[in-house]
Amino acid sequence: AVRDTAQEEECSVYLVGGFVRDLLLSFPTQDLDFVVEGNGGQFAQALMKRLPEGKLTQHVKFGTAHISFPNGSHLDVASTRVEYYSFPGALPQVEESCLRDDLFRRDFTINSMAICLNSEHFGELVDYYGGKRDLQQGKIRFLHNLSFIEDPTRMLRAVRFARRYNFKLAKETLEALFTAIETGVLLKLSVERFTEELFVIFQEDNYISMGQTLIRSGLFQGWFGEDYSWNFSEDDVQESVGWPLDQRWLSCISRINSEDIEKLCGRLSLNKTLRDETQIFLHLRAVLPKTQSISELDQLISKAPQGVIAVLAQDEHFRPRIMDCLESEKRIRMTLDGKKLLQMGVKEGPIIGEILEQVRRAWLEGKIHSTEEEREVAQQ
Ligand code: CTP
């Protein structure tokens, strides 16, 4: 469809960026990014005629278009363009130019390659800046030395790509990264953009080793202003691959004291789920040592999000009791509910909740073993 549309619209179209990099590395990839030499918006509209199930969103100011499909896949179309940053960390201003310039505005050589999709040169690699060589040599290399100043999120991206592919930063790029950290370039970023980029890292399989690098390089200290006792532990590497985002996040802050967690959260713009779960985690961590009975423990645990419990259970102080409580919860086979209690003649009101709570507790403590016993407890 892309090739035919390109022919029809008489423009040059290229696959660019991460897709080309991952294709050459035989690394799985989903995002398709196209660059059109010419009017990208017009091209995207024409392409839509061939992809009727797609949904088109256009950003005229940026010369970009986004097409999403019902199966969750999507593709981005950009016009060749020059991006101007009015100040570091700002959104780019865009102006038309050519492919070579477009590729030069990108972060690293490995991300600056393109594959032509026009019939005459279909499948040809365009590599002005030595991207293929750097891929072969395992190097993350910037295209120009203002790269990190122009867009400080690239500092985090450099760490992410290096650890994802097990690459090294080229000498000048590494030096520029340290200089940028020392001179506080990162601080030009908004809290939102830093957070967004950080949580892209948390979604990577290799996020633990990325976290270690963020600490070692001083990047975290540069942003948070302090060295906290982050937990990016080698011991978690294997298991953490299956952890959801909340569990990864809570686990990495789990060794930091509560006051510092509050402070570092002030430097992030966490979404509501993570904010709430962080608070629940802090609360439970504080009250669990004071919780005596299994039913008190159950009250706390049964209402808490799974990620919070999973991370608390990683702590050897809490693990035995949490496991014990979860084991006891398995005994609960409640058949009673509010409706049944009403049928049994209990009056509507808070008493219903209280009875159900008592029955649940009796199950938990092993005082009930059958439905009959359950009813007896409810009637007492
Ligand atoms: N890019 C850039 N500077 C940034 C972000 C992106 O130059 N701060 C360019 C790079 O050429 C990159 C492309 O935009 O390849 C697409 O960016 P993005 O989708 O964020 O990253 P990918 O390279 O596709 O990597 P990933 O596999 O993580 O999606």
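Residues numbered from 1 in each chain as written. Predicted model: local features only at pLDDT ≥ 70, side-chain atom pairs only at ≥ 80, totals over all residues. Heavy atoms only, no water.

1. Points about the side chain of aspartate 246
With respect to the helices and strands, the residue aspartate 246 is situated in helix α13 (residues 245–253). For the buried aspartate 246, which has no salt bridge, the nearest side chain bearing the opposite charge is arginine 248, at an N-O separation of 8.4 Å. If we ignore the near neighbours within four places in the chain, the residues touching aspartate 246 are Leu274, Glu277 and Gly307. (Helix = DSSP H or I, 4+ residues; strand = E, 2+ residues; numbered from the N terminus. Buried < 20%, exposed > 50% of the residue type's maximum accessible area, 1.4 Å probe, protein only. Lys, Arg positive; Asp, Glu negative; His and termini not counted. Salt bridge = Lys/Arg side-chain N within 4 Å of Asp/Glu carboxyl O. Contact = heavy atoms within 4.5 Å.)

2. What to know about the packing of helix α20 (residues 350–364) against helix α21 (residues 371–379)
The N-to-C vectors of α20 and α21 enclose an angle of 135°; their axes lie 9 Å apart at closest approach. Our classification of the angle between α20 and α21 gives oblique. The interaxial crossing formed by α20 with α21 has right-handed handedness. Of α21, the residues touching α20 (which contributes Ile355, Val359, Ala362 and Trp363) are Glu374, Val377 and Ala378. (Axes fitted to C-alpha atoms, helices over the stretch in contact; angles between N-to-C directions. Parallel < 35°, antiparallel > 145°, perpendicular 65-115°, else oblique. Left-handed = near helix turned anticlockwise from the far one by under 90°.)

3. As for the site of the ligand
As a matter of local geometry, the ligand sits amid 15 residues, with Arg21, Asp107, Asp151, Arg160 and Arg164 nearest to it. A distance of 2.9 Å is found between an oxygen atom of the ligand and a side-chain nitrogen or oxygen belonging to arginine 164. In isolation the ligand exposes 560 Å². Once the protein is present, 74% of that is buried. Among the secondary structure elements, those contributing two or more residues to the shell around the ligand are α2 (18–25) and α7 (153–165). For the shell around the ligand, the element with the highest residue contribution is α7, accounting for 6 residues. When grouped by side-chain class, the residues that make up the shell around the ligand number 1 nonpolar, 4 polar and 10 charged. (Near = heavy atom within 4 Å. Polar contact = N/O pair within 3.5 Å; in protein donor to acceptor, adjacent residues only side chain to side chain. Areas by Shrake-Rupley, 256 points an atom, 1.4 Å probe, with all protein chains shown as cover. Nonpolar A, V, L, I, M, F, W, Y, C, P; charged D, E, K, R; others polar.)

4. Some points on unusual backbone geometry
A positive phi angle is found at serine 26, which is not glycine, with a value near 55°. Tracing the backbone shows serine 26 in the loop between α2 and β2 (32–37). Exposure remark for serine 26: the relative accessible area of 67% places this residue in the exposed category. Even without being a glycine, asparagine 166 presents a positive backbone phi close to 55°.

5. Description of the pairing of β2
In this structure, strand β1 (residues 12–16) lies alongside β2, joined through 4 bridges in antiparallel fashion. Bridge pairing links leucine 15 to phenylalanine 34 in β2. The pairing of β2 with strand β5 (residues 74–79) spans 5 bridges and is classified as parallel. Each residue of the ladder has a partner; that of aspartate 33, found in β5, is aspartate 76. (Pairing = 2+ DSSP bridges.)

6. What to know about the environment of valine 308
Inspection of the secondary structure assignment puts valine 308 in helix α17 (residues 306–314). Separated by 14 residues in sequence, valine 308 and isoleucine 322 place their C-alpha atoms 12 Å apart. Those residues within four positions of valine 308 in sequence are excluded, and the remaining contacts are Leu250, Glu277, Ile280, Phe281 and Leu284.

7. Re helix α8 (residues 171–182)
Taking 1.5 Å per residue as the helical rise, α8 with its 12 residues ought to reach 16 Å, and the 17 Å between its terminal C-alpha atoms agrees with that figure. All of the buried residues in α8 are Thr173, Ala176, Leu177, Ala180 and Ile181. The arc that holds the buried residues of α8, viewed along the axis, is 135°, so those residues lie on one side. Every exposed residue of α8 that faces more than 90 degrees away from the buried side is listed here: Lys171 and Glu182. Elements that come into contact with the buried residues of α8 comprise β10 (139–140), α6 (147–150), α7, β11 (168–169) and α11 (219–224). With its phi angle positive at about 75°, glycine 184 sits one or two positions after the end of α8. (Expected span 1.5 Å × (residues − 1). Arc of directions from axis to C-beta.)

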